[in-house]
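A structural walkthrough
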Amino acid sequence: MEAEMCPHVLLFPLPIQSPINSMLQLAELFCLAGLQVTFLNTNHNQHLLCRHTNVESRFRQYPKFQFRTIPDGLPEEHPRSSELFGELISSLQAVAQPFLREILPGVTCVIPDGLFYYAVDIGNEVGVSVIPFDTISPSCLWVYLSFPKLIEAGDIPFKGNDLDVLIENVPGMQGLLRRRDFPFYRLTNCATDLYCQLALKEIRSIPRSHGLILNTFEDLDGPLLSLIRSHCPKAYAVGPLHLQLKTRLADKRMPLPSSNSLWEEDHSSIQWLDVQPIESVIYVSFGSLATLTREEILEFWHGLVNSGIRFLWVMRSNLLREEEFNHQFVKELMEGCKERAYTVTWAPQEKVLAHPAIGGFLTHSGWNSTMESIVQGKPMICWAVYVDQRVTSRFVGEVWKIGVDMKDICDRYIIEKVVKDLMVTNKDTFKKSANNLSMLGKQSVGEGGSSYNAFEYLVEDIKKLGRRGKDTNPNCIG
Ligand code: UDX
């Protein structure tokens, strides 16, 4: 074994866009810190990543970095959609478990997505430290950690249909969290619900982990982080991760990272934004997985058009729940509002949010989108679909007060009203709180900031694990 083998980190993201993006950012940060890094991707996603980005050549500058791939166990034609997410998770688990058992003894520590609870079991079995990276929002993770209490108190599953009832047994969220803000708001039986069971397995694995990585910063989620640390003292808040990476690359005068997209980015969106007035455009995107019905798309469309505000909308080819997008449908929608609207199938989102023409973001409240919007100080309208999005959107509206939580209402008149509210009527109020949070996020990743320090502690901790491993492994001399 060579000197560079120590310490060696294995990163294993959930096979969807957002965690792949965050894990690649973390991988590059580890490369900058001099660690040896293996990034474990599925064949399917690696193929998409290599097709649409320059990650292979970008990471070639780090000699201690390597990609490894495994099949996800699904046939190539499988849609890997949000509706069939459960199939993807179980088939990948069947492939990943034996693979991890084989590869883990050769690494210092493994960083799986928080949902891969089984990596903690395997790590403990073979004596390798596990530091899961929970790529969902910490507010949702805290709700998960409160599940046993909620089940014991009889709060979940809900009795009756009133979604406005407050859930009072999540410490730190009393008077805030309504049933409609709960990750699984349609839950009827936790024992048979795949996602509830996954969440329970995930939280049971947390106290058995060496630590936990979260993409947040102390000034944003401080009170929740204190609560999470009662379950896992070493919770490293290293976010906003994309900004931490950019800041450290800029400090080293290295080129900034380009895209980690699984789809081809359409840069004509930036050209279109270049000719729009400052803060005049609302950016509309529902992330990489959420799907909408045709009716919902039409409600959004009419609401946006009637608001009179310009908009840039990402219409993924798989955004429509029932069918592949018929381009005629989009073309017909575009007729009549060409001057004020622009659509693309996938945008360079970080660049879009950084653009001066963008005044707000209509989002599904995915955690990456939320962090990217916070960094750019862009107020949000939240239309949450599932899981962490439902909790996050509540925090956007009621705790951080940097936007409007529309939750799950899809009505053209309400959409028109909230768009005007965000972009015109209460623009200055939202802008002020969004700018303040943006400033705090930027400070956190600057030298001496909380997230900057948390990343330094994390690397130091991994190096200590490497030294411990060296004592037991005479071949390891790094
Ligand atoms: C999923 C879940 O839906 C979400 O609840 C969870 O918080 C993370 O995983 P996803 O739908 O992928 O999230 O949304 P999000 O977390 O917002 O991430 C999407 C990523 O894709 C962002 O980093 C965003 O910059 C990028 N993106 C999105 C683009 O680059 N271009 C686009 O057009 C849209």
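Scroll up for the structure.
Residues numbered from 1 in each chain as written. Predicted model: local features only at pLDDT ≥ 70, side-chain atom pairs only at ≥ 80, totals over all residues. Heavy atoms only, no water.

As for the nonpolar core
The tendency in soluble globular proteins is for nonpolar side chains to be buried as a group. For the record, the criterion: Here, nonpolar core means buried Ala, Val, Leu, Ile, Met, Phe, Trp, Tyr and Cys residues that are tied together by side-chain atoms lying within 4.5 Å of each other. Here the term buried applies to any residue with accessible area under 20% of the maximum for its type, exposed to any over 50%, and partly exposed to those in between, with areas from a 1.4 Å probe on protein chains only. What counts as a helix is a DSSP run of H or I of at least four residues, what counts as a strand is a run of E of at least two, and both are numbered from the N terminus. Where each domain begins and ends follows an automated or database-derived domain assignment. Contacts are assigned to residue pairs that have any heavy atoms within 4.5 Å of one another.
Formed by 64 residues in total, the largest nonpolar core has its most connected members in Phe147, Met173, Phe182, Leu273 and Tyr283. Sort the elements by how many residues they give to this core and helix H6 (residues 138-145) lands first, with 6 residues. Residues lining this core come from more than one domain, with at least three contributed by each of domain 1 (8-260 + 447-472) and domain 2 (268-440). Beyond its immediate sequence surroundings of up to four residues, Tyr283 is in contact with Leu312, Val314, Ala347, Gln349, Val352, Leu353, Ile358, Gly360, Phe361 and Leu362. With 38 residues, the next largest nonpolar core counts Leu48, Tyr62, Leu249 and Leu458 among its residues.

Description of the sheet that holds strand S3 (residues 65-70)
Applied cut-off: The pairing criterion is simple: DSSP has to find at least two bridges between the two strands. Convention adopted: a line fitted to C-alpha atoms gives each axis, helices being fitted over their contacting stretch, and angles between N-to-C directions are expressed from 0 to 180 degrees.
Read from one edge to the other, the open sheet built from 5 strands follows the order S3-S2-S1-S4-S5, with strand pairing classed as parallel. Strands at the two margins of the open sheet, each flanked by one partner only, are S3 and strand S5 (129-130). The sheet contact formed by strand S1 (residues 8-12) and strand S2 (residues 36-42) spans 4 bridges and is parallel. Within S2, the position partnered with Leu11 by the bridge is Phe39. Sitting on the sheet, helix H4 (residues 85-103) touches S1, S2 and S3, and the angle it makes with S3 is about 135°.

A closer look at the pairing of S2
Heads up, the rule is: The handedness rule is simple: strands pointing away from the viewer, and a clockwise path from the first strand over the helix to the second, make the crossover right-handed.
Of all 7 residues making up S2, 7 are buried, and the element is well covered by its neighbours. Where burial is concerned, the two faces of S2 agree: the one with Gln36, Thr38, Leu40 and Thr42 and the one with Val37, Phe39 and Asn41 are both buried. With helix H1 (residues 17-32) bridging S1 and its parallel neighbour S2, the resulting β-α-β unit is right-handed.

Observations regarding the packing of H4 against helix H5 (residues 117-126)
Going by this rule: Orientation is classified from the angle alone, with under 35 degrees giving roughly parallel, over 145 giving roughly antiparallel, 65 to 115 giving roughly perpendicular, and any other angle giving oblique. If you view the pair so one helix is near and one far, a crossing is left-handed when the near helix is turned anticlockwise from the far one by less than a right angle, and right-handed when it is turned clockwise. Ten residue types, Ala, Val, Leu, Ile, Met, Phe, Trp, Tyr, Cys and Pro, are classed as nonpolar, four, Asp, Glu, Lys and Arg, as charged, and the remainder, Gly among them, as polar.
At a minimum axis separation of 10 Å, H4 and H5 run at an interaxial angle of 20°. Regarding the angle of H4 to H5, the classification is roughly parallel. In the crossing of H4 with H5, the sense of the turn from one axis to the other is right-handed. Contact with H4, carried on its side by Leu92, Gln93, Ala96, Gln97, Leu100 and Arg101, involves Tyr117, Tyr118, Ala119, Ile122, Glu125 and Val126 of H5 and no other residues of that element. Here the contact of H4 with H5 is composed, by residue class, of 8 nonpolar, 2 polar and 2 charged.

Section: the pattern of salt bridges
The criterion, for reference: Here, a salt bridge means any side-chain nitrogen of Lys or Arg that lies within 4 Å of a carboxyl oxygen of Asp or Glu.
Tallying each qualifying case throughout the model produces 23 salt bridges. The shortest N-O distance in the salt bridge between Arg80 and Asp72 comes to 2.7 Å. The residue Glu296 makes a salt bridge to Arg321 at a minimum N-O spacing of 3.9 Å. Linking Glu296 in helix H12 (residues 294-307) with Arg321 in the loop between strand S10 (310-314) and helix H13 (327-334), this pair joins segments that are 25 residues apart in sequence. Residue Glu296 is classed as buried on the basis of its relative accessible area, which comes to 19%. By sharing partners, the salt bridges in this structure join Arg178, Asp181, Arg394, Asp405 and Lys407 into a single network.

Quick notes on the packing of aromatic side chains
Our working rule: Each pair of aromatic rings taken from Phe, Tyr and Trp, with Trp reduced to its six-membered ring, is defined by centres within 6.5 Å and is described as stacked if the planes are under 30 degrees apart, edge-to-face if over 60, and tilted in the remaining cases.
Following the criterion strictly, the structure yields 26 aromatic pairs and no others. With 5.6 Å between their ring centres and 75° between their planes, Phe286 and Trp383 make a pair best called edge-to-face. Of the two residues, Phe286 sits in the loop between strand S9 (281-285) and H12 while Trp383 sits in the loop between strand S13 (380-382) and helix H16 (388-399), which places them 97 residues apart along the sequence. Across this residue pair, the class does not change: Phe286 and Trp383 are buried. Aromatic pair Trp301 and Trp313: ring centres 5.8 Å apart, planes at 25°, arrangement stacked. Remark: Trp313 occurs in strand S10 and Trp301 occurs in helix H12; sequence separation between them is 12 residues. Residue class for Trp301 comes out buried when judged on its relative accessible area of 4%. Aromatic rings pair up to connect Phe286, Phe300, Trp301, Phe311, Trp313 and Trp383 into one cluster.

Interpretation note: all reported values are geometric properties and have no functional meaning in isolation.
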